[in-house]
Structures are given as structure tokens and as C-alpha cells.
Amino acid sequence: MTTVSKPPLPRSTYRHGDLRRALLEAGVELARAGGPEAVVLREATRRAGVAPNAAYRHFENRQALLYAVRSAALAAVARAMEDELAAIPQDLPPAEFARANVRAVGAAYLRFAQAETGLFRTAFGPSDDLKERGQGIPADAERKGQSGLDPFELLGAALDKLVSAGVLPPGRRPGAEFLAWSAVHGLAMLVMDGPLGPVVGPQMQQIGQQLLDMVEKGLCGE
């Protein structure tokens, strides 16, 4: 089982010339502990060991800091997915390899939701990301993993592999990422904030695999 990749911990001391990084790391730790609502610029400056006014050279307001923290959280999700993908045997038959990619992306998403609940909520809180994609605005590079893809793009790449392997009919590909994402995210939220926590929480990965199997079969028309 792979481990969830975590953003770097904040430094204990602030080094001149690296204040933006120190503030961002402090913001990440605030989000990790309390979700997006906990990301407060004044508290981030306190943790960085500087006066509040110094922060405005790098983040004009709380929303700007929250956006940067959210990007870091999304990058952490992407790295968790990449770790899971890297563990897939490369010599699998094409169809099996493609299916394993989709399952790896979904499993990493659920594992991250359990292990890093605060960052998960921060990463997938309200935003205009999909609206911006529709307008052709490129995603923030800071929210991508080592592959240069963000979590949504990694899911899309996995689904494209299903098409290339002849598992997912091309006619079913448009919009498939929205259906798959909605199903897995719904399970994560019902476990984190809903009634399924006590029942499903201890066996999230097993239930998650059953859900991914159902999603895959539904998308492929099996």
C-alpha cells in the first residue's frame, strides 16, 4: 500500500528572502489541521515569525493565501495519485493496465481523503476551476504533481487509457471524468461528514474498490 504524499512541513525559523514560502507552509499546516476555514493570514504571519504587514508583499489578502494553499493541497493529491500509479506493474496486459490506472487514481483519492481530511476539504472546496477550464485558462502549475498533471487531469488520462485499450467505447468517453469523480467524491464526503463514517470508515478502501468496480463497469457499459 502506498503512503499519502504530504506537502512539506513549515520551517521552525524564517529565513530572509523566503517569506512567501514560509507563509505558504504555515497556511498548509493550518489547512491540514482545520480545513480551508482555518487558513487565516494573521495566524500564518504569526507562525512565520513576522509582522502581519509583511505578508501583504506576497499575499494581498486571505483569499490569495487560501488560493495558494489550495494549489499546494491539489498538488499533494496529485502526488498521492502518482505514487499509486507508479506501483502498478508495467507488464500487465493493456486492458488490465488501463483498468488498474483508473482504480489507482480512485483509491489514492479516497486514501488522501481519510489521511489528510483538512487538506482534502481545502483542495476540493468551492472554486471556479471548471469554469476557467471551459474558458481555456490554464490551471495553476503549483497544483500539479511531478507528471505535470493535476488530479482532474490524472483522472482524465486514466480514462483515456481505457479508450486506447479498447475497454471504454469512445462514445462513452465525453464527460466520463465527471461521473467517476462525483461517485468517488460522494463516498469520501459521506464517510468524512455524513452517516457512513462509523460504518464504512474502517473499511474505506475495500468499499472504495467495490465502488470503483461499479463505476468502471457503468462507464464501459458492462
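Structure shown above.
Here the structure is a predicted model, which is why all the values come from computation and not from measurement.

### Some remarks on the pattern of salt bridges
Part 1 of the reasoning: For the structure shown, the criterion picks out 14 salt bridges.
Part 2 of the reasoning: Among the ionic pairs, Glu25 bridges to Arg21, the shortest N-O distance being 3.0 Å. Of this pair, Glu25 and Arg21 both sit in helix α1 (residues 19–34), four residues apart, which is roughly one turn of that helix.
Part 3 of the reasoning: The exposure class assigned to Glu25 is buried, which follows from its relative accessible area of 5%.
Part 4 of the reasoning: We note a salt bridge from Arg99 to Glu216, for which the minimum N-O separation is 2.0 Å. Taken as a pair, Arg99 in helix α5 (residues 94–115) and Glu216 in helix α11 (residues 204–220) lie far apart in primary sequence, 117 residues in all.
Part 5 of the reasoning: For Arg99, a relative accessible area of 25% corresponds to the partly exposed category.
Part 6 of the reasoning: Since its relative accessible area comes to 4%, Glu216 is described here as buried.
Part 7 of the reasoning: A single network of salt bridges, built from pairs that share partners, joins Arg99, Arg103, Asp213, Glu216 and Lys217.

### Some words on the packing of aromatic side chains
Part 1 of the reasoning: In the structure shown here, the tally under the stated rule is six aromatic pairs.
Part 2 of the reasoning: Arranged with centres 6.0 Å apart and planes meeting at 75°, the rings of Phe124 and Trp181 form a pair that is edge-to-face. Within this pair, whereas Phe124 is found in the loop between α6 (117–123) and α7 (129–134), its partner Trp181 is found in helix α9 (residues 176–192), the two being separated by 57 residues in sequence.
Part 3 of the reasoning: A ring pair is formed by Phe152 and Trp181, whose centres lie 5.3 Å apart and whose planes are at 50°; its orientation type is tilted.

### Details of the side chain of Ser71
Part 1 of the reasoning: By the secondary structure assignment, Ser71 is in helix α4 (residues 62–86).
Part 2 of the reasoning: Apart from residues lying up to four places away in sequence, Ser71 is in contact with Asp140, Glu142 and Arg143.

Calculation rules
Residues numbered from 1 in each chain as written. Predicted model: local features only at pLDDT ≥ 70, side-chain atom pairs only at ≥ 80, totals over all residues. Heavy atoms only, no water. Salt bridge = Lys/Arg side-chain N within 4 Å of Asp/Glu carboxyl O. Helix = DSSP H or I, 4+ residues; strand = E, 2+ residues; numbered from the N terminus. Buried < 20%, exposed > 50% of the residue type's maximum accessible area, 1.4 Å probe, protein only. Phe/Tyr/Trp six-rings, centres within 6.5 Å; stacked < 30°, edge-to-face > 60°. Contact = heavy atoms within 4.5 Å.

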